[in-house]
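Inside the fold
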Amino acid sequence: MSADPIVVRASDRAGTAAVASAVAGLLRPRDAVLLVGGLGAGKTAFVQELCAALGATEPVTSPTFNLVHHHSAGALEVCHVDLYRLERTGELDDLGLDDLQDAGAVLVVEWGDLAGGALGGALSVAIEDLGGTARRFELTDEGGQWASRWPALGRALAAAS
Ligand SMILES: Nc1ncnc2c1ncn2[C@@H]1O[C@H](COP(=O)(O)OP(=O)(O)OP(=O)(O)O)[C@@H](O)[C@H]1O
Ligand SMILES: [Mg+2]
């Protein structure tokens, strides 16, 4: 049985950065983070803050057109994926995300729900726009890879909010 989801709120972008930083501190090679939320919810902003927290120095922009951007982020390779323009499920296989993950990269996937579970276990981060700069985050361990990290994530997120 997986642990209960963790819900946390941010009142502004700095709050989102604190949430992303809490996740960044517990990331391991081969993790997948699925970002779920409507247009403009803050998925790309979350990836920007996550990569910054990991130590990335180059700008993180939306990979809407070429679907995958690669970033060196401190000790980790982050593959930033945006599935919004995915037109058929076969296209997901063409992206070779499994191979990138096998090579040790962390996958961070906008519109992660469109992957339909094809990536195996993941940390799901559902972002809801509460109006203005307020956001609600619901984090779920899909697959159990985060089980041993869940208490630490809960503490880090409590400290972040
Ligand atoms: N608390 C917050 N957290 C994240 N973004 C915020 C916050 N407050 C305001 N914003 C702004 O909201 C916008 C979110 O846009 P962003 O591109 O990250 O959304 P997205 O979910 O990736 O959209 P898309 O569906 O087009 O990919 C940015 O301009 C960001 O600065
Ligand atoms: Mg985006």
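What this report covers is the structure whose coordinates are included nearby. Every value quoted in this text rests on a predicted model; they were computed, and no experiment measured them. (Residues numbered from 1 in each chain as written. Chains lettered and ligands numbered in written order. Predicted model: local features only at pLDDT ≥ 70, side-chain atom pairs only at ≥ 80, totals over all residues. Heavy atoms only, no water.)

A count of helical and extended segments in the protein chain gives five helices and seven strands. When the helices and strands of the protein chain are listed from N to C terminus, the series reads β-α-β-α-β-β-α-α-β-β-β-α. Computed over the C-alpha atoms, the radius of gyration of the protein chain is 14 Å, within 12% of the 15 Å expected from 2.2 N^0.38 for a compact globule of 161 residues. For the protein chain, the spread of C-alpha atoms along the three principal axes comes to 40 × 35 × 30 Å. Looking at the protein chain as a whole, 48% of its 161 residues are labelled buried. A separation threshold of at least 6 residues defines the contact pool for the protein chain, and within that pool the share at least 24 residues apart is 62%. (Helix = DSSP H or I, 4+ residues; strand = E, 2+ residues; numbered from the N terminus. Rg over C-alpha atoms; globule rule 2.2 N^0.38 Å. Buried < 20%, exposed > 50% of the residue type's maximum accessible area, 1.4 Å probe, protein only. Contact = heavy atoms within 4.5 Å.)

This brings us to the packing of aromatic side chains. Applying the stated criterion across every chain yields a total of two aromatic pairs. Summarising the aromatic geometry, the rings of F46 and F137 are spaced 6.0 Å apart at their centres and angled 40 degrees between planes, so their arrangement reads as tilted. One end of the pair, F46, is in helix α2 (residues 43–54); the other, F137, is in strand β7 (residues 134–142), with 91 residues separating them in the sequence. On the basis of relative accessibility, which here comes to 1%, the residue F137 falls in the buried class. With a centroid separation of 5.0 Å and an interplanar angle of 35 degrees, the aromatic rings of Y84 and W111 are classed as tilted. Taken together, the residues span a long stretch of sequence, with Y84 in the loop between β4 (76–82) and α3 (89–94) and W111 in the loop between β5 (106–110) and β6 (122–131) at a distance of 27 residues. You can call Y84 partly exposed: its relative accessible area is 41%. The exposure class of W111 is buried, given its relative accessible area of 16%. One residue, K43, lies across the ring of W111, its end atom 4.3 Å from the ring centre. (Phe/Tyr/Trp six-rings, centres within 6.5 Å; stacked < 30°, edge-to-face > 60°. Lys NZ or Arg CZ within 6 Å of the ring centre and 35° of its normal.)

With that settled, the discussion passes to the coordination of the magnesium ion (ligand 2). The magnesium ion (ligand 2) binds to the protein through T44 (OG1) and E110 (OE), with metal-donor distances spanning 2.1 Å. Placement of the pair is T44 in helix α2 and E110 in strand β5, with a sequence separation of 66 residues. There is no split in this pair, since T44 and E110 are both buried. (Donors = N, O, S within 2.8 Å, 3.2 Å for Na, K, Ca; no water.)

A word on the pattern of salt bridges. Pairing between side chains of opposite charge can happen when the charged atoms of each approach one another. Taken as a whole and judged by the stated rule, the model has four salt bridges. Put simply, D129 and R135 hold a salt bridge, and the shortest N to O gap is 3.2 Å. With relative accessibility at 15%, the residue R135 sits in the buried group. Here E138 and R136 are joined by a salt bridge, their closest N and O atoms 3.0 Å apart. On the accessibility criterion, R136 (21% relative accessible area) is partly exposed. (Salt bridge = Lys/Arg side-chain N within 4 Å of Asp/Glu carboxyl O.)

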